[in-house]
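# Observations on the model geometry
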Amino acid sequence: MELDNIEKLVEKYFEATTTVAEEEILRTYFKSDNVAPHLEQYVPMFNYFSGAKEERFTKQVPLTPRKNYLKWASVAAVAVFVVGFYFYRPAPTPVTLADEYTQEEIESAQEALALLAMNFNKGTEQLYHLEEFEKTTDKFLTKK
């Protein structure tokens, strides 16, 4: 009957539904020398948990922040601010097209761009015809 009870407790342990008292029963069972052969695979696990429970952290934990870090961070921030202020150059005033080019040059550029747009539109019209051709050929090719 004890072996059946231990098997049920192991099953409950892996489902995380055991109580502290039931876990203590399992630890004492797996520490003993008369463990059932089909449960011997759990012996190292329970021995590890028993040993890990006894481990303690003994190093001193510093609770105050390092003051040198804060000092150097503030010095670096001031240095970045000073360098940025030194190299700051205000943006130049925007230049208009009329200030840089003559009216004749602007008009000739507008004509060239209008010609380019017209030829571009002709090319896109041809692409529309190509797209329609592709749609109709797809209808014939996919027909079963």
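Residues numbered from 1 in each chain as written. Predicted model: local features only at pLDDT ≥ 70, side-chain atom pairs only at ≥ 80, totals over all residues. Heavy atoms only, no water.

### Concerning the environment of Glu23
As for its position among the elements, Glu23 is in helix H2 (residues 20–31). Look at Glu23 and you get partly exposed, because its relative accessible area is 22%. Taking C-alpha positions, Glu23 is 8.8 Å from Val10, a pair spaced 13 residues apart along the chain. For Glu23, the contacting residues outside a window of four places in its chain are Tyr13 and Thr18. (Helix = DSSP H or I, 4+ residues; strand = E, 2+ residues; numbered from the N terminus. Buried < 20%, exposed > 50% of the residue type's maximum accessible area, 1.4 Å probe, protein only. Contact = heavy atoms within 4.5 Å.)

### Some points on the nonpolar core
Ranked by size, the top nonpolar core spans eleven residues in total: Ile6, Leu9, Val10, Leu26, Tyr29, Phe30, Val35, Ala36, Leu39, Val43 and Phe46. Elements with a minimum of two residues in this core: helix H1 (2–14), H2 and helix H3 (43–54). Setting aside its immediate chain neighbours within four residues, Phe46 contacts Tyr13, Leu26, Arg27 and Phe30. (Core = buried A, V, L, I, M, F, W, Y, C linked by side-chain atoms within 4.5 Å.)

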